[in-house]
Structure formats: structure tokens, C-alpha cells
Amino acid sequence: MKLYMGFDDTDVAGAEIGTGRLVRMFERKLPDGARLWGALRHQLLIDPRIPFTSHNSPACAVVEIEDEALIPSLTARAIAHIAELASDGSDPGLCIARETDDLSEIIAFGLSCTHEIETQDHARAVAARAGVELLGLGGTNDGIIGALAAIGLSAYGWCGRFLEYGRLRRLPDPISVAALAEAGIEATAIDKYARALDPEALIHTGGWLSPRLWGGRAVAPVEEKDGRLIAIGKRPRDAEVAD
């Protein structure tokens, strides 16, 4: 079973560890019987009326568990992880939801957060109706909004960029379409021809492969430039320290 663990607002300006990196680091804290399926970064509304550190981007750890009895331990470990690594002055929030919960209203809330200003009161009401755990862990507790939204957008299945997925950060550059598929990532051409890609074709990632969550799967969008297949969204690794 998949367990969604949403984190938000764990850093401040100039922090060495942003929310994305904090969530990736949580993999080290997982107990036996739990495995990180993927860590996803989501983009919420950018608006001057919304306080955020840099990009207003919460993150979600999607964890596969063998037994629901692990959930209390995972929750306690996440709380301790935030307490250990969150920046002084941050406003962290944490949300925990099973994939078997009724997440329909949480999905709607997450989608709303991408284009509307949402509130803590609404977040708490949505979480209560869905029966999921939503925790404010410091400061203003504003992080509960993004934490809940991160779960909604992950469960929606058509939003987000993978920060971690299997061997994502250890894959070679370039990498063949077939090798990507073996790593669980589907390469998809997004040019006007939408052609099927040759399994032996090489994809150039620039050292920064950024699969998207499309249709509940890890998908690497690629386009052809100057006769080469180029992964969309590539950046040098030092360009996004917070992730």
C-alpha cells in the first residue's frame, strides 16, 4: 500500500536544507517494511499575498508499506525528522494519508492551491472530513496548507516533478530509452510528431533528469534538438541546492 506523506514550509531564506531535500533525506529514516516509491516536488500558486521562502513548492514522500501498523512509527519519524532539520523560524506542516482513503476532496484542494489562495481553516476542514492526519509543527503552522496540497496533487497523478525515484540521481548521461525503461521511467516524445522512441536511442539529460508524474507513472518528456534527444527540464545539479 502507498502512504502519502506531505511536507511543507520547513525552511527559511538562505537555508542549506530546503523542503525538497529534507523530504529526500527522509528515505534514510524509513523502517524495515517501508520503501520510498518516490519523492515529488509540487508547484503551488506564486502570489505576493502568500508567504513562502522561494518557490512555494511543497513535497510529498510516497512510501510503500507492507503493513498499516507501520504508520504510527512513520509519522513519529517524520515529526522527529522535521524537528531535527527544519530551519528556525519556519512554519512546518505534515500530512499523512493512505492511498485507500477517500482523497477526492484533498485532490480538489491541491488543485485549487495551484491557482487560488487557500487557508489553514479550509485545509483542516478538508483533512478532517477525509479522516487524514494533518499536523502543524511550528511557527504559524502555515505549512499544513502545502502539506495537504502535496498529497492531493500526488494522488491526482498528473502533477509534480520527481526529486527521487529509484536510481534517478545515479543514472548516466546520456542514457538509452531502454535503460530508462528498466529504471521504471518512460521516455515520451512531446514534439508535434509524438513518435515512438527507438529503445536504443540516447537521451541527453545534462546531468539533471526530471521525470514528471503523468498518469501515476514516472515519465521523462523529451524533444529533439539538432538531431539529439534532449530531456526537458534539465539543469546543472548546483542550480537547485534546495532539492
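Use the structure listed above.
Parameters at a glance
- Residues numbered from 1 in each chain as written.
- Predicted model: local features only at pLDDT ≥ 70, side-chain atom pairs only at ≥ 80, totals over all residues.
- Heavy atoms only, no water.
- Helix = DSSP H or I, 4+ residues; strand = E, 2+ residues; numbered from the N terminus.
- Rg over C-alpha atoms; globule rule 2.2 N^0.38 Å.
- Buried < 20%, exposed > 50% of the residue type's maximum accessible area, 1.4 Å probe, protein only.
- Contact = heavy atoms within 4.5 Å.
- Areas by Shrake-Rupley, 256 points an atom, 1.4 Å probe, with all protein chains shown as cover.
- Lys, Arg positive; Asp, Glu negative; His and termini not counted.
- Charge placed at Lys NZ, Arg CZ, Asp CG, Glu CD.
- Core = buried A, V, L, I, M, F, W, Y, C linked by side-chain atoms within 4.5 Å.
- Salt bridge = Lys/Arg side-chain N within 4 Å of Asp/Glu carboxyl O.
- Polar contact = N/O pair within 3.5 Å; in protein donor to acceptor, adjacent residues only side chain to side chain.
- Axes fitted to C-alpha atoms, helices over the stretch in contact; angles between N-to-C directions.
- Parallel < 35°, antiparallel > 145°, perpendicular 65-115°, else oblique.
- Nonpolar A, V, L, I, M, F, W, Y, C, P; charged D, E, K, R; others polar.
- Disulfide = S-S within 2.5 Å.

J.: Mind showing me how you'd approach the overall build of the protein here?
T.: The helix and strand tally for the protein stands at six helices and twelve strands. Here the protein has a C-alpha radius of gyration of 18 Å; the compact-globule value for 243 residues is 18 Å, and the two agree. Referenced to the eigenvectors of the C-alpha coordinate spread, the extents of the protein come out at roughly 50 × 40 × 30 Å. Split into buried and exposed, the 243 residues of the protein put 51% on the buried side. In the protein, the proportion of contacts linking residues at least 24 apart, taken out of those at least 6 apart, comes to 74%. In the form shown here, the protein has an accessible surface area of approximately 11,300 Å², with 50% of it arising from carbon and sulfur atoms. Averaging the positions of the 25 positive and the 36 negative side-chain charges in the protein gives two centres separated by 5 Å.

J.: What is the right way to look at the environment of F162 in this model?
T.: Turning to its location among the elements, F162 is positioned in strand β6 (residues 161–164). With 63 residues separating them along the chain, F162 and E99 place their C-alpha atoms 18 Å apart. Setting aside its immediate chain neighbours within four residues, F162 contacts W37, G38, A39, L40, L168, P211, R212, L213, R217 and A218.

J.: Honestly, the nonpolar core in this entry has me stumped. Any pointers?
T.: One finds V132, L148, L180 and I185 to be the most contacted residues of the largest nonpolar core, which totals 49 residues. Residue contributions to this core peak at eight residues, all from helix α5 (residues 143–156). Setting aside its immediate chain neighbours within four residues, L148 contacts C95, I106, F109, A123, V126, A127, V132 and L134. Counting 26 residues, the second-largest nonpolar core is a separate cluster that includes A59, I71, A78 and I96.

J.: Can you walk me through the environment of C159 in this structure?
T.: Looking at the element boundaries, C159 is found in the loop between α5 and β6. Separated by 77 residues in the primary sequence, C159 and I82 place their C-alpha atoms 24 Å from one another.

J.: I'm lost on the pattern of salt bridges in this one. Help?
T.: One pass over the structure, following the stated rule, counts ten salt bridges. Between R24 and E164 there is a salt bridge, with the nearest N and O atoms lying 3.5 Å from each other. One end of the pair, R24, is in helix α1 (residues 19–25); the other, E164, is in strand β6, with 140 residues separating them in the sequence. Residues R35 and E64 are paired through a salt bridge, measuring 2.3 Å at the closest nitrogen-oxygen approach. Taken together, the residues span a long stretch of sequence, with R35 in strand β2 (residues 34–41) and E64 in strand β3 (residues 59–65) at a distance of 29 residues. For R35, a relative accessible area of 45% gives the class partly exposed. Three or more residues are tied together by salt bridges with common partners; here these are K2, R35 and E64.

J.: I'm lost on the side chain of S176 in this one. Help?
T.: When you line up the elements, S176 lands in strand β7 (residues 175–176). Among the polar contacts listed, one links the side chain of S176 to the backbone nitrogen of A179, at a separation of 2.9 Å. Setting aside residues no more than four positions away along its own chain, S176 makes contact with P199, E200, A201 and L202.

J.: How should the packing of helix α3 (residues 104–113) against α5 be read in this particular structure?
T.: Packed helices, taken two at a time, are described by the angle their axes make and the gap between the axes. Look at α3 against α5: their axes get within 7 Å of each other, and the N-to-C directions meet at 110°. As summarised for this structure, α3 and α5 are arranged roughly perpendicular, according to the angle between their axes. Where α3 abuts α5, its residues I106, I107, F109, G110, L111 and C113 lie against I145, L148, A149, I151, G152, L153, A155 and Y156. In terms of residue class, the contact of α3 with α5 is built from twelve nonpolar, two polar and no charged.

J.: I keep staring at the state of the cysteines and nothing clicks. Help me out?
T.: The bond known as a disulfide is covalent and runs between the sulfur atoms of two cysteines. Tallying each qualifying case throughout the model produces zero disulfides. Just so you know, C113 is unpaired, no disulfide at all, and the nearest cysteine sulfur is the one on C159, 11 Å from it.

Note that every value here comes from positions in space, so none of it alone points to a role or purpose.
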